[in-house]
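Topology and contacts: notes
Here are the chains, one letter per residue:
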Amino acid sequence: MAADRTTAPIHRPGLAGAIHRGLDSDVFHSFKQSKVTMLAGAVTALYFLAALLAPWIAPHDPYDLANISLMDSFLPPMWMDGGDARFPLGTDDQGRGILSTIIYGARASLLVGFAAVLLAAAIGVTLGLIAGYLGGTVDAVIMRVAEVQLSFPAILIALLIDGVARGVLGGDAEGNLAFAVIIVSIGLSFWVQYARTVRGSCLVEKHKEYVQAARVIGVHPGLIVVRHVLPNVLGPVLVIATISLALAIITEATLSFLGVGVPPTQPSLGTMIRVGNDFLFSGEWWITLFPGAALAVLVLAVNLLGDWLRDALNPKLR
Amino acid sequence: MARPVLQVDNLTVEFPTRRGTLRAVDDISFRIDAGEVLGVVGESGAGKSMTGTAVIGLLEPPGRISGGRVQLEGARIDHLPHDQMRRLRGQRIGMIFQDPLTSLNPLYTIGFHLTETIRTHTDRGEAEARARAIELLTEVGIPAPAQRIDQYPHHFSGGMRQRVVIALALCAEPRLVIADEPTTALDVSIQAQIIQLLKRLCREHGTSVLLITHDMGVIAETADRVAVMYAGRIVEVGPVREVVQNAKHPYTEGLMDAIPKIGGRTEDLAQIRGTMPRLSQIPAGCAFHPRCPRAFDRCRQERPELLDAGASRAACWLHAGEPAGAGTGRGGGERG
Amino acid sequence: MSVAERPLLQVRDLAKTFDVSPPLLNRVLQGQPQAFVQAIDNVGFDIPRGTTFSLVGESGSGKSTVARVVVGLYRPTRGSVTFDGTDLASIRGRRQMAPLRRRWAMIFQDPYASLNPRWRVRTIIAEPIRVHGLAAGAAAIRRRVGELLELVGLSAADGEKFPHEFSGGQRQRISIARALASEPEFLVCDEPTSALDVSVQAQILNLMKRLQRELGLTYLFISHDLAVVYHISDYVGVMYLGRLVEWAPAHALFTRPQHPYTRMLLEAIPDLEMSGRARTPVGGEVPSPIQPPDGCHFHPRCPFADGDRCQREVPATLDIAGGGQVRCHAVAERRMPPADTHTRGG
């Protein structure tokens, strides 16, 4: 009560001011407070950098057939007998370096995860805003569809869409098309959570007096939703987006593991785990273990960030 | 002089924040005698609610009592361990909060709330406690208490719920009741009922009351003495009639003049210029001096203690060294 | 009637019913009936140009619903709202409504909820200017916003800040600046000072009176605080459970209240004069608006209710000598004791 809002306001126009406000904000402060969150942030940032800079930092290009040799297949990590310093984490069945493949695989995983989350958020936020602001029949229809979808596991929906897409596009959708298919499948199976959350927040916001004030002024309903309601419901969306990024990466890995994901020529972490799985019992554990660990660390870090963001944006917990 | 029920000396409450420590309650002292109603009045941010929560040990961390003493019937209670404090609340200090809806658990019946509290604080058995609960409900004016005792809070209207909360606060016959804005959430016509009920019950039971409110009308109707708070400090304390009609501190005076009154002139209201300072920017000297029409040099430099001013005491340099009884402004000297 | 004499706002037989039924599925499966709340019922009054008409009442009285119907936030179930000679029901579509919308504005109760927390103050105040196209170009808009801020006692530089940097009273000033941005003639004020401290309330009330004098504004003022209403109003209407039970010129209503409910409300005002006057405790609770009592809604709490007529028959509207109207059987049957014995004099 009396204790908040006690600081001297800072006014600086423009970008410098925005940056200053950002660094001074409670959210950033709570980020600095938690060592675990900072570590998670650092790990996530590392993955992003690695994914972005893959061609420059990876020891090899696992996609370049000229570079790989079957002679190098099944090499163990460098610290074991028979290891090779060129492949710090060993090689897979085709002689691709595990480390390089992980770096490129993280790229594929993050790309799919991000794109899928963006797509899901775009669909979910739009439908949630429409349902929440218009209410009535529109609301009922959208939310019933959402509930039906929610009763199927996301992976099943992704499999379904993936199967239909492959059927329509004919045979084995290759390369970039396969990426698009998997992004759409995951995106379409993840929108419900956004829609429900946004609808809830929208119902709260639309009864607030600033929205009513805009209605009295005569602002067009569409503009009210976009300019007034949307910015005020984005907090929870950000939280869901972070947490579902981790989920999307796992779903991608699962689909790839099941063989319906990204093509094996452009491995993602999931494809690698699947490939490695075949050799797990023949002693080549590194092919599956390192990508698995890389995936687990990434998902854990992103999840921790999501948890922190949820708490930081929740005024009740501050 | 008889031992006061509650004595607060130099109480200070602080909130450490990352931008420095804020002082929400700043060195305040007051006492409440047996059977007395002390009103604490002030605007939002004045520290009046914080005073109440500090007295009953319910300050939300990181807020803490950083100085001073709180004594209940002569025994210090500000350093009691949590479990002892919890027993004290309810048994020797009753509490009434602003929102009657959140003071009652919606999952339990009214009867459960009452019998549970009675059995916690007395050695009555189940049947006895229930009989006592019905008695209490009758006393606070709930019609058909024998039937309504088994209903849930949502069956009760706001005013009726506040009556139940009052019954709960009085269950264990406490010596002191702390009522924080007990009528603010209620409709005008219900407010009057609740004030009268609170007054009557405390008189009948000989209970002292610490009544915290922003509403001067409620104070004028209920309190025996009033403490006026501003920016965490008590600026004036005195008999209610004296403070309401013959204010000695310029802030109290301004506050009283700012209240619209029926039958008064309908031209512009008197207004205090400016706004209450933020806790992080409390001015040096008298906290009110930037807004005070009669501030002089000393007010800007030196913080005034409570000084005798007629029948009241006011923290204002206008009363320094002045013969007792001389008022500062309107109708000075008239005392009740 | 000439245009100058014509009231700026005329409300006739206004009614608004809200559907509070459980969802269709529950109704079908559990056999729950539809439920309606008659939020306002047969409300009628005029507001002459340049005056303040206040509506007082307790929670559930429907006073805020009247305000929201008048500004077009709710569509009335029955009755008419006529603004400066134009029946609002006759207007079709947003485009036709726009020139009228510019002529009124609304101020809300909660200074914390009525400003978009993510907008700068200058954007908030500029919204009506942009929507109605009242200034061309960023510089002109900025200049106008600066003027408005200074008009309500803030500085032009405050436009750069965000709402959370202001106190409650300052935010209410920002709300008023936004309301004035479209140069309206008519302001609907829904409890504009209820969330404010007394000293801040005085500042805002004084500001509103000054603006009324300077700009010739007409106010519909909603409040539960009779002292505030006395201070600001020319006319006062008292609402109880959706009905306007009495309205009269302010002074008359406070010195010669007719309706038993009005008298009860006046009785309930805490006495700052400390006259020691014994107050008659007011009995009873406000009934639920979902199931209001039959006949006169007030009869279960009314000390003057007779056994029969008050319980069955809705009182008709009766003119009061010297202006105003009242709806009460006891007044119609001249069973009421003289009113002026009930209140302190004006």
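These figures come from a predicted structure and were not determined experimentally. (Residues numbered from 1 in each chain as written. Chains lettered and ligands numbered in written order. Predicted model: local features only at pLDDT ≥ 70, side-chain atom pairs only at ≥ 80, totals over all residues. Heavy atoms only, no water.)

1. Regarding the sheet that holds strand E5 (residues 75-76) of chain B
Residue and element names in this part refer to chain B. Spatially, E2-E1-E4-E5 is the arrangement adopted by the 4 strands of the open sheet, whose pairing is antiparallel. One side of each edge strand has no neighbouring strand; the edge strands of this open sheet are strand E2 (20-32) and E5. Bridging between strand E1 (residues 6-17) and E2 involves 9 bridges; their strand directions are antiparallel. Each residue of the ladder has a partner; that of Val13, found in E2, is Val25. (Pairing = 2+ DSSP bridges. Helix = DSSP H or I, 4+ residues; strand = E, 2+ residues; numbered from the N terminus.)

2. Remarks on the confidence of the model for chain C
All names here are of chain C. When the pLDDT values of chain C are averaged, the result is 89; 94% of them are 70 or greater. Helix H1 (residues 24-30) is the least confidently modelled element of chain C, averaging 76 in pLDDT, while strand E3 (residues 52-56) averages 97, the highest of any element. Every residue in residues 341-346 scores below 50 in pLDDT, and together they form 14 contacts with partners more than four places removed in sequence or on other chains. (pLDDT = per-residue confidence, 0-100. Contact = heavy atoms within 4.5 Å.)

3. Quick look at the interface of chain B and chain C
On the chain C side, the residues contacting the 44 residues of chain B number 41 residues. Summed over both sides, the interface of chain B with chain C buries roughly 3,700 Å², with 54% coming from carbon and sulfur. A salt bridge links B:Asp268 to C:Arg213; the nearest nitrogen and oxygen atoms lie 3.9 Å apart. Linking chain B with chain C are 8 residue pairs in polar contact (both at pLDDT 80 or more). Only helix H7 (158-170), helix H8 (188-205), helix H9 (216-222), helix H10 (240-245) and helix H11 (250-258) of chain B provide two or more residues apiece to the side of chain B that touches chain C. Ranked by residue count, the leading element in the side of chain B that touches chain C is H8(B), at 6 residues. A class-by-class count of the residues in the side of chain B that touches chain C yields 18 nonpolar, 15 polar and 11 charged. (Buried area = accessible area lost by both parts, 1.4 Å probe. Salt bridge = Lys/Arg side-chain N within 4 Å of Asp/Glu carboxyl O. Polar contact = N/O pair within 3.5 Å; in protein donor to acceptor, adjacent residues only side chain to side chain. Nonpolar A, V, L, I, M, F, W, Y, C, P; charged D, E, K, R; others polar.)

4. A look at the packing of aromatic side chains
Tallied over the full model, the rule gives 18 aromatic pairs over all chains. Arranged with centres 5.2 Å apart and planes meeting at 85°, the rings of B:Tyr230 and B:Phe288 form a pair that is edge-to-face. Linking B:Tyr230 in strand E9 (residues 225-230) with B:Phe288 in the loop between H11 and helix H12 (297-301), this pair joins segments that are 58 residues apart in sequence. A centroid spacing of 5.0 Å and a plane angle of 80° characterise the contact between C:Phe18 and C:Tyr74, whose relative ring orientation is edge-to-face. Note that C:Phe18 is positioned in strand E1 (residues 9-19) and C:Tyr74 in the loop between helix H2 (63-70) and strand E4 (78-83), a separation of 56 residues in sequence. Looking at C:Phe18, the relative accessible area reads 24%, which means it is partly exposed. (Phe/Tyr/Trp six-rings, centres within 6.5 Å; stacked < 30°, edge-to-face > 60°. Buried < 20%, exposed > 50% of the residue type's maximum accessible area, 1.4 Å probe, protein only.)

5. Brief notes about a nonpolar patch on the surface
A surface patch of nonpolar side chains, about 520 Å² in accessible area, is lined by A:Val148, A:Phe152, A:Leu156, A:Leu159, A:Phe257 and A:Leu258. As for its placement among the helices and strands, A:Val148 is situated in helix H6 (residues 136-150). (Patch = residues over 30% accessible without salt bridge, like charges linked within 9 Å, V, L, I, M, F, W, Y side chains within 5 Å. Areas by Shrake-Rupley, 256 points an atom, 1.4 Å probe, with all protein chains shown as cover.)

6. So, the packing of helix H3 (residues 35-52) of chain A against helix H12 (residues 286-313) of chain A
Two numbers describe a pair of packed helices, the interaxial angle and the distance between the axes. All names here are of chain A. Where H3 contacts H12, the axes come no closer than 8 Å and their chain directions differ by 130°. Overall, the two elements H3 and H12 adopt an arrangement that is oblique. Where H3 crosses over H12, the handedness of that crossing is left-handed. For the pair H3 and H12, the contacting residues are Val36, Thr37, Ala40, Gly41, Val43, Thr44 and Tyr47 in the first and Ala294, Val297, Leu298, Ala301, Val302, Leu304, Leu305 and Trp308 in the second. (Axes fitted to C-alpha atoms, helices over the stretch in contact; angles between N-to-C directions. Parallel < 35°, antiparallel > 145°, perpendicular 65-115°, else oblique. Left-handed = near helix turned anticlockwise from the far one by under 90°.)

7. Thoughts on the pattern of salt bridges
Under the counting rule described, the total for this entry stands at 48 salt bridges over all chains. A salt bridge links C:Arg144 to C:Glu183, with the shortest nitrogen-to-oxygen separation between them at 3.9 Å. Taken together, the residues C:Arg144 in helix H5 (residues 138-151) and C:Glu183 in the loop between helix H6 (168-180) and strand E7 (186-190) connect sequence positions 39 residues apart. The class for C:Glu183 is exposed, based on a relative accessible area of 51%. With its nearest N and O atoms 3.3 Å apart, the salt bridge here joins C:Arg210 to C:Glu214. Taken together, the positions of C:Arg210 and C:Glu214, both in helix H7 (residues 198-215) and 4 residues apart, correspond to about one turn of that helix. Because the salt bridges share partners, they merge into one network encompassing B:Glu14, B:Arg23, B:Asp26, B:Arg64, B:Arg233 and B:Arg303.

8. A short note on the nonpolar core
Generally speaking, soluble globular proteins have nonpolar side chains that are buried together. In this structure, B:Leu6, B:Phe30, B:Ile166, B:Met216, C:Ile176 and C:Leu187 are the most contacted members of the largest nonpolar core, which totals 137 residues. Counting residues domain by domain, this core receives three or more from each of domain 1 (6-223) and domain 2 (253-319) of chain B. Dropping the residues within four chain positions of it, B:Leu6 is found in contact with B:Phe30, B:Arg31, B:Ile32, B:Val55, B:Val70, B:Gln71, B:Leu72 and B:Leu176. Judged by nonpolar contacts, the second largest core, of 57 residues, contains A:Ala158, A:Ala248, A:Leu269 and A:Phe290. (Core = buried A, V, L, I, M, F, W, Y, C linked by side-chain atoms within 4.5 Å. Domains from an automatic or database assignment.)

9. A few points about the confidence of the model for chain B
Here chain B shows a mean pLDDT of 87. Residues at 70 or above account for 94%. This model gives residues 323-336 of chain B a pLDDT under 50, and the stretch forms 31 contacts once residues within four places in sequence are excluded.

10. Some thoughts on the side chain of B:Thr252
Residue and element names in this part refer to chain B. Structurally, Thr252 can be placed in helix H11. Of note is the side chain of Thr252, whose polar atom sits 2.8 Å from the side chain of Glu236. Among all residues touching Thr252, those that are not within four sequence positions of it are Val228, Val235, Glu236, Val243 and Ala247.

11. Examining the sheet that holds E3(C)
Strand pairs in the sheet, formed through backbone hydrogen bonds, run parallel or antiparallel to each other. All names here are of chain C. Read from one edge to the other, the open sheet built from 8 strands follows the order E6-E7-E8-E3-E9-E10-E12-E11, with strand pairing classed as mixed. Two strands bound the open sheet, and with one partner strand each, they are strand E6 (104-107) and strand E11 (318-319). The strands touched by H7 within the sheet are E3, E7 and strand E8 (218-223), with E8 carrying the most contacts at an inclination of about 160°.

12. Here we look at the domain arrangement of chain B
Residues and elements named next belong to chain B. Assigned domains of chain B: these are domain 1 (6-223) and domain 2 (253-319). A straight line from the C-alpha centre of domain 1 to that of domain 2 covers 29 Å. The contact between domain 1 and domain 2 buries some 800 Å² in all, and 66% of this surface belongs to carbon and sulfur atoms. Among the residues domain 1 hides against domain 2, the three largest losses belong to Leu22, Glu43 and Met216. Together they make up 50% of the total. Counting the contacts that link domain 1 with domain 2 gives 1 salt bridge. With a closest N to O distance of 3.1 Å, Asp26 and Arg303 form a salt bridge. At the surface where domain 1 touches domain 2, the tally comes to 1 residue pair in polar contact (both at pLDDT 80 or more). Looking at the side of domain 1 that touches domain 2, the element that brings in the most residues is E2, giving 5 residues. Within the side of domain 1 that touches domain 2, the residues separate by chemical class into 4 nonpolar, 2 polar and 4 charged.

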